Amino acid sequence: MLNESIRYVNGRLQVDGVPVTDMVGELTAGLPTPVYIYSLKRILANFAALKAAFASLNPHIHYSAKANANLAILRALIDEGAGIDAVSWGEIKRALVAGCDPENIVFAGVGKTPEELKLAVEAGVGWFNVENVYECFLLNSLAVNVGRTVRVALRYNPAVEASTMPGIATGHKSAKFGLNRTDLMAVLESQADYTNLRIEGIHVHIGSQLGDTAATRQGVEAALAIAPRYPTLHTINIGGGFPARYNDTQQPTYADFATMLQPLLDGYTVIIEPGRSIVADAGILVTQVLYTKAQGGVNTVIVDASMTELLRPALYGAAHQIVPVIEKPDSPAQPASVVGPVCETTDVLGTQIGLPEMQHGDLLAILDAGAYGMVMASNYNQRPRPAEVVVDGDTWRIARRRETVDDLLRFEQVDTGLPAEK
């Protein structure tokens with residue numbers, strides 16, 4: 001959705017006062033589009049709103065890097081006091097490069113490899129969210145070998161059905177995530193076996209884009225039915241899941257979640273791991289119209305962005321608003337499908353999108369693309385991934401350059417029989 005940072009001024013879409021057309025016109029590394037553009041001002045405003053809503057609980061806030069791991073964004077949030085929630089060594093490394101104190105990093109993930117765990121222990125990562133009984137054994141062994149004691153939260157699968165899309169629900173009983181009650185209790189009853197683990201918390205994350213607060217309450221109450229039995233369990237990590245508004249549908253706010261959670265969690269140390277709600281509405285994906293056609297009663301707009309740049313619509317039917325970068329008030333909006341050039345039927349970025357008449361070269365902006373966009377991008381069809389631009393006040397810069405086809409070939413060696421280049 002349009003907001004204070006991403007809005008029309010005199011019929012032209014701007015990001016914090018910088019016209020999108022100005023930025024696209026100056027990008028000269030190959031084709032200028034598609035390109036991601038992010039508002040740092042909006043990101044920091046969302047982060048400040050979260051802190052204000054949860055102020056009574058004084059939580060430790062760890063931004064979930066999997067939502068958007070651009071170094072400029074990580075650095076801006078770290079500078080504002082955020083820790084980082086990472087789900088791979090790659091994300092941990094990015095957090096460290098961006099300036100995060102390793103003590104302020106949470107390492108989560110259902111399938112951490114032994115090498116990742118070893119590197120994280122050696123780096124001094126502050127928290128490990130453990131999701132498997134054997135992971136406790138493995139992590140303890142690595143900690144013994146390195147000579148460290150590590151702090152652990154056990155991720156609990158409370159068998160709660162969240163109000164969200166099935167593809168992003170994580171707390172139901174058949175989900176791959178977390179420990180069921182039996183395994184969780186087994187670990188807690190055998191803490192003495194894990195000499196180098198300090199099991200200090202329970203982690204409950206039931207899904208993303210949560211449509212209400214009820215399931216979160218159920219999950220936290222399930223954790224609180226266990227925590228008081230063990231004096232060391234003084235921390236409750238509620239994960240994230242706070243929704244972004246992708247359309248006009250009303251969603252629960254930070255304040256709604258905070259008001260519900262405050263009486264439950266009073267007296268506990270609280271960790272929150274937001275991602276999507278911080279960055280989604282701060283980013284757009286700008287794309288150029290290549291062709292139009294009308295077939296089978298459907299108006300189709302073919303653009304140079306695709307599922308390789310924005311996978312969410314093809315992956316689980318996510319819907320994004322798509323708007324022209326330059327308004328055409330004299331051209332009435334008509335429903336259209338916006339599709340990409342990738343050779344897959346599911347390469348559809350939006351259907352029933354109300355657009356004026358589009359022509360070759362027109363620019364469209366896919367809104368609320370700051371989360372789970374670039375981080376999910378691929379090189380399918382040998383498509384170079386796009387540039388990322390950050391707008392900071394009235395200035396902008398390329399935070400990550402567009403890839404080239406040569407970049408895609410860089411790691412392969414092929415014997416062509418041709419003379420080697422000198």
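## Digging into helix 5 (residues 114–123)
Reasoning step 1: Among all positions in helix 5, only Glu116, Leu117, Ala120 and Val121 are buried. Looking straight down helix 5, one finds its buried side chains confined to an arc of 130°; they lie on one side.

## Focus: the sheet that holds strand 11 (residues 235–237)
Reasoning step 1: Read around the closed barrel, eight strands run 5-6-7-8-9-10-11-12, paired in parallel fashion. Averaged over all pairs of adjacent strands, the angle between their axes in this sheet comes to 30°, without regard to strand direction.

## Quick word on the packing of aromatic side chains
Reasoning step 1: Following the criterion strictly, the structure yields six aromatic pairs and no others.
Reasoning step 2: Judged by centre distance (6.0 Å) and plane angle (20°), the rings of Tyr36 and Tyr38 are stacked. In terms of burial, Tyr36 and Tyr38 fall into one category: buried.
Reasoning step 3: Its end group placed over the ring of Phe107, Lys112 keeps NZ or CZ at 5.6 Å from the ring centre.

## Observations concerning the sheet that holds strand 3 (residues 18–19)
Reasoning step 1: Ordered by their spatial adjacency, three strands build an open sheet running 1-2-3, and the pairing between neighbours is antiparallel. Only two strands of the sheet have a single partner each, and these edge strands are strand 1 (6–9) and strand 3.
Reasoning step 2: Sheet topology places strand 1 next to strand 2 (residues 12–15); four bridges connect them, and they run antiparallel. Residue pairing for strand 2: Tyr8 is matched across the bridge by Leu13.

## Some details on the side chain of Asn196
Reasoning step 1: For Asn196, the position within the fold is in the loop between helix 7 (181–189) and strand 10 (197–203).
Reasoning step 2: Beyond its immediate stretch of four places on either side in the chain, Asn196 contacts Asn140, Ala143, Val144, Arg148, Thr149 and Val150.

## Quick word on the pattern of salt bridges
Reasoning step 1: Applying the stated rule across the entire model yields 14 salt bridges.
Reasoning step 2: A salt bridge links Arg42 to Asp281, with the shortest nitrogen-to-oxygen separation between them at 2.9 Å. Placement of Arg42 in helix 2 (residues 40–53) and of Asp281 in the loop between helix 10 (276–279) and strand 13 (283–295) is noted, with a sequence separation of 239 residues between them. An identical accessibility class is assigned to Arg42 and Asp281; each is buried.
Reasoning step 3: A salt bridge links Arg383 to Glu309; the shortest N-O distance between them is 3.1 Å. With a gap of 74 residues between them, Arg383 in the loop between strand 18 (363–366) and strand 19 (387–392) and Glu309 in the loop between strand 14 (298–303) and helix 11 (312–316) connect regions that are remote in the sequence. Comparing Arg383 with Glu309, the two get one shared label, buried.
Reasoning step 4: Among the charged side chains, a network of salt bridges with common partners joins Arg385, Arg400 and Glu403.

## Quick word on unusual backbone geometry
Reasoning step 1: The step from Thr33 to Pro34 runs through a cis peptide bond, and the omega angle for that step is -5°.
Reasoning step 2: Counting through the fold element by element, Pro34 comes out in the loop between helix 1 (20–26) and strand 4 (35–39).
Reasoning step 3: Even without being a glycine, Asn10 presents a positive backbone phi close to 55°.
Reasoning step 4: With respect to the element layout, Asn10 can be found in the loop between strand 1 and strand 2.
Reasoning step 5: The backbone of Asp16 sits at a positive phi, close to 50°, despite the residue not being glycine.
Reasoning step 6: Within the secondary structure, Asp16 is located in the loop between strand 2 and strand 3.
Reasoning step 7: The buried category is assigned to Asp16, whose relative accessible area is 10%.

## Some details on the pairing of strand 14
As a general feature of sheets, a regular strand has side chains that alternate between the two faces.
Reasoning step 1: Summarising the sheet, strand 13 and strand 14 pair through six bridges and their orientation is antiparallel. By the bridge assignment for strand 14, Val289 is matched with Val303.
Reasoning step 2: The loop that links strand 13 with its antiparallel partner strand 14 comprises two residues; one of these, Gly296, has a positive phi angle of about 60°.
Reasoning step 3: Looking at chain direction, strand 14 and strand 16 (residues 334–339) are connected through three bridges and run parallel.

## Some words on the nonpolar core
Inside soluble globular proteins, nonpolar side chains tend to come together where they are buried.
Reasoning step 1: In this structure, Phe54, Phe128, Leu154 and Leu265 are the most contacted members of the largest nonpolar core, which totals 103 residues.
Reasoning step 2: The element that contributes the greatest number of residues to this core is helix 9 (residues 254–265), accounting for seven residues.
Reasoning step 3: Ignoring anything within four residues of it in the chain, the contact list for Leu265 reads Leu57, Val220, Leu224, Ile236, Ile238 and Val270.
Reasoning step 4: Membership of the second largest hydrophobic core comes to 20 residues, among which are Ile284, Val325, Leu363 and Val389.

## Digging into the environment of Gly109
Reasoning step 1: Of note, Gly109 is situated in the loop between strand 7 (105–107) and helix 5.
Reasoning step 2: Between the C-alpha atom of Gly109 and that of Asp212, which follows or precedes it by 103 residues, the distance is 24 Å.
Reasoning step 3: Ignoring anything within four residues of it in the chain, the contact list for Gly109 reads Val87, Asn129, Glu131 and Glu135.

## A short note on the packing of helix 2 against helix 9
Pairs of packed helices are described in terms of their axes, by the angle between the two and the distance that separates them.
Reasoning step 1: At their nearest, the axes of helix 2 and helix 9 sit 9 Å apart, and the two run at 25° to each other. By the angle between their directions, the pair helix 2 and helix 9 is classed as roughly parallel. Classified by chirality, the crossing of helix 9 by helix 2 is right-handed. Contacts from Asn46, Ala49, Leu50 and Ala53 of helix 2 reach helix 9 at Tyr254, Ala255 and Ala258.
Reasoning step 2: Within the contact of helix 2 with helix 9, the residues separate by chemical class into six nonpolar, one polar and no charged.

Cut-offs and rules
- Residues numbered from 1 in each chain as written.
- Predicted model: local features only at pLDDT ≥ 70, side-chain atom pairs only at ≥ 80, totals over all residues.
- Heavy atoms only, no water.
- Buried < 20%, exposed > 50% of the residue type's maximum accessible area, 1.4 Å probe, protein only.
- Helix = DSSP H or I, 4+ residues; strand = E, 2+ residues; numbered from the N terminus.
- Arc of directions from axis to C-beta.
- Pairing = 2+ DSSP bridges.
- Axes fitted to C-alpha atoms, helices over the stretch in contact; angles between N-to-C directions.
- Phe/Tyr/Trp six-rings, centres within 6.5 Å; stacked < 30°, edge-to-face > 60°.
- Lys NZ or Arg CZ within 6 Å of the ring centre and 35° of its normal.
- Contact = heavy atoms within 4.5 Å.
- Salt bridge = Lys/Arg side-chain N within 4 Å of Asp/Glu carboxyl O.
- Core = buried A, V, L, I, M, F, W, Y, C linked by side-chain atoms within 4.5 Å.
- Parallel < 35°, antiparallel > 145°, perpendicular 65-115°, else oblique.
- Left-handed = near helix turned anticlockwise from the far one by under 90°.
- Nonpolar A, V, L, I, M, F, W, Y, C, P; charged D, E, K, R; others polar.

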